[in-house]
Amino acid sequence: MDREAQAVGQTSSHALVDGHTHIDQYGPTELPQLLERSRDAGVALIIAAGTTIETCTAVRLLADIYPDVRAGIGLHPADLKGPMDDAIEAQLRTLADHPSVVEWSETGLDYMPRSPRWDIQQDAFRRQIRIARELGLPIVFHSREASDDTVRILREEGAGEVGGAWHYFDGSLELARTAMDLGFHISLAKPLLRLPELQTVAAALPLERLVIETDSYPQHFKKNRERWTEPWHLPQVAAKLAELQETDVATVAEATTANYLRMLGGRVSAEELGIATAS
Ligand SMILES: [Zn+2]
C-alpha cells in the first residue's frame, strides 16, 4: 500500500465531521495549514458557519474553494446590529440558495449581558427559522442563558420539520430530551472534556442523536497560539464521548458522522468525502 492509499485508509476508519466552526475568521495564509492539520486528524468535513452578512459571504467562498468545507448561512444573535428587516432577509436568502450551503447556521438566542435586545433577537430567530423551513435546510442553533425561549420558539415555528442540532450543548438531560423530542440532535464540543455534569448527560444520551464540533475560531484572548482550539482537536471530543458511552472511538466516529450526514439530508455524501460507511 503506498503512502497515499494508507492515509486515505486511515481517514476512512475514523472520519469525523466538525459540525460547527468559524474557520473563515482565520487569516487566508493560516487556513491551508489549519485544514491540513484537520485532515491529518481524520476530520473529513468541516462546517463553517456565518454570523453576519459579511462572514456568510466568506464561508460560502471557502466552501467553494475547499472540497472538505461546507457552509452554513445565518445571523448570530449577538452580532445583530438592529432588527432583521426584509432587505437583510432577502440577502440571506440569496446567499443560502447555493449548493455549498448545507444548513442554516448560525442563529439562535443569546441572553448574556450586553447582548442585543431580546425582542430583536427573537424576531430574527423566528424569521430565520421560517427561511430555513422554506429552503428545507436543517438549523444548527446557538442558545445561551435562553433555553426556555429557544425551545418555545423552535416549537412555535415548527422548526422540527427541518431538524438540525443544538450547538455547543451544555444543558441538562431533561433539556436535551426536550430538544431531541422536537427533532434536534445534540452537538457536543470541548466542554465535554472538563464539565462533570455535561459528561453525565452525554453518557445518558442515545448515540444516534449526537454530533460533535469544535466551534473553532481565532481565540485571541489566549496568548499562546498553540492553545487555540482547531478542528484537529475533534478526536479528543470523540474519544471522551466513546469513554462516556462505554464504546470505542470507531463506533462514535461512525455514528456521529452518519448522524451529521443524515441531518444534512443528502446534501453531502459519504462518497464525495471519501468516507467508507458500514451501511
Ligand atoms: Zn458559532
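Every value quoted in this text rests on a predicted model; they were computed, and no experiment measured them.

This part covers the environment of Leu188. With respect to the secondary-structure elements, Leu188 resides in strand 7 (residues 184–188). C-beta crowding within 10 Å serves as the criterion here: with 30 such atoms nearby, Leu188 is assigned to the buried category. Considering only alpha carbons, one finds Leu188 and Ala96, 92 residues apart in sequence, at a separation of 25 Å. If we skip the residues at most four places from it in the chain, Leu188 touches Phe169, Ala202, Leu210, Ile212, Val237 and Leu241.

This brings us to the pairing of strand 7. The buried count for strand 7 comes to five of five residues, which makes it a mostly enclosed element. With burial as the criterion, each face of strand 7 is covered, one bearing Phe184, Ile186 and Leu188 and the other bearing His185 and Ser187. Pairing analysis gives three bridges linking strand 6 (residues 164–166) to strand 7, with the strands arranged parallel. Paired with Gly164 across the strands is Phe184, a residue of strand 7. Each parallel crossover has a hand, and the one from strand 6 via helix 7 (residues 173–181) to strand 7 is right-handed. Tracing the backbone out of strand 7, into helix 8 (residues 196–204) and back to the parallel element strand 8 (residues 210–212) gives a crossover that is right-handed.

Pairing in this open sheet of eight strands is parallel, and the strands run 1-2-3-4-5-6-7-8 from one edge to the other. Looking along the sheet, the strands with just one partner apiece sit at the ends: strand 1 (16–21) and strand 8. The mean angle between the axes of side-by-side strands here comes to 30 degrees, regardless of whether they run parallel or antiparallel. Running over the sheet, helix 9 (residues 234–244) touches strand 1, strand 2 (43–49), strand 7 and strand 8 and is turned about 150 degrees from strand 8.

Let us look at helix 9. Among the residues of helix 9, Leu234, Val237, Ala238, Lys240 and Leu241 are the ones counted as buried. The buried residues of helix 9 occupy an angular sector of 165 degrees when the element is viewed end-on, so they sit on one face. Residue Glu246 follows helix 9 closely and has a positive phi angle near 55 degrees.

The geometry of helix 3 (residues 53–65) relative to helix 4 (residues 86–96) is characterised by a closest axis approach of 11 Å and an angle of 5 degrees between their N-to-C directions. By the angle between their directions, the pair helix 3 and helix 4 is classed as roughly parallel. Contacts between helix 3 and helix 4 involve Ile53, Cys56, Thr57 and Arg60 from the first element and Ile88, Gln91, Leu92 and Leu95 from the second. In the contact of helix 3 with helix 4, the residues fall into five nonpolar, two polar and one charged.

Moving on to the pairing of strand 3 (residues 69–73). Of all five residues in strand 3, five are buried, a share of seventy percent or more. Pairing geometry for strand 2 and strand 3, over four bridges, is parallel. Counterpart to Ile46 in the pairing with strand 3 is Val69. With helix 3 bridging strand 2 and its parallel neighbour strand 3, the resulting β-α-β unit is right-handed. Pairing of strand 3 with strand 4 (residues 101–110), which is carried by three bridges, proceeds in the parallel orientation. Bridging from a neighbouring strand, Ala71 pairs with Val101 of strand 4.

Reading guide: rules and limits
Residues numbered from 1 in each chain as written. Predicted model: local features only at pLDDT ≥ 70, side-chain atom pairs only at ≥ 80, totals over all residues. Helix = DSSP H or I, 4+ residues; strand = E, 2+ residues; numbered from the N terminus. Buried ≥ 20, exposed ≤ 12 C-beta atoms within 10 Å, placed from the backbone. Contact = placed C-beta atoms within 7 Å. Pairing = 2+ DSSP bridges. Right-handed = clockwise from strand over helix to strand, strands pointing away. Axes fitted to C-alpha atoms, helices over the stretch in contact; angles between N-to-C directions. Arc of directions from axis to C-beta. Parallel < 35°, antiparallel > 145°, perpendicular 65-115°, else oblique. Nonpolar A, V, L, I, M, F, W, Y, C, P; charged D, E, K, R; others polar.

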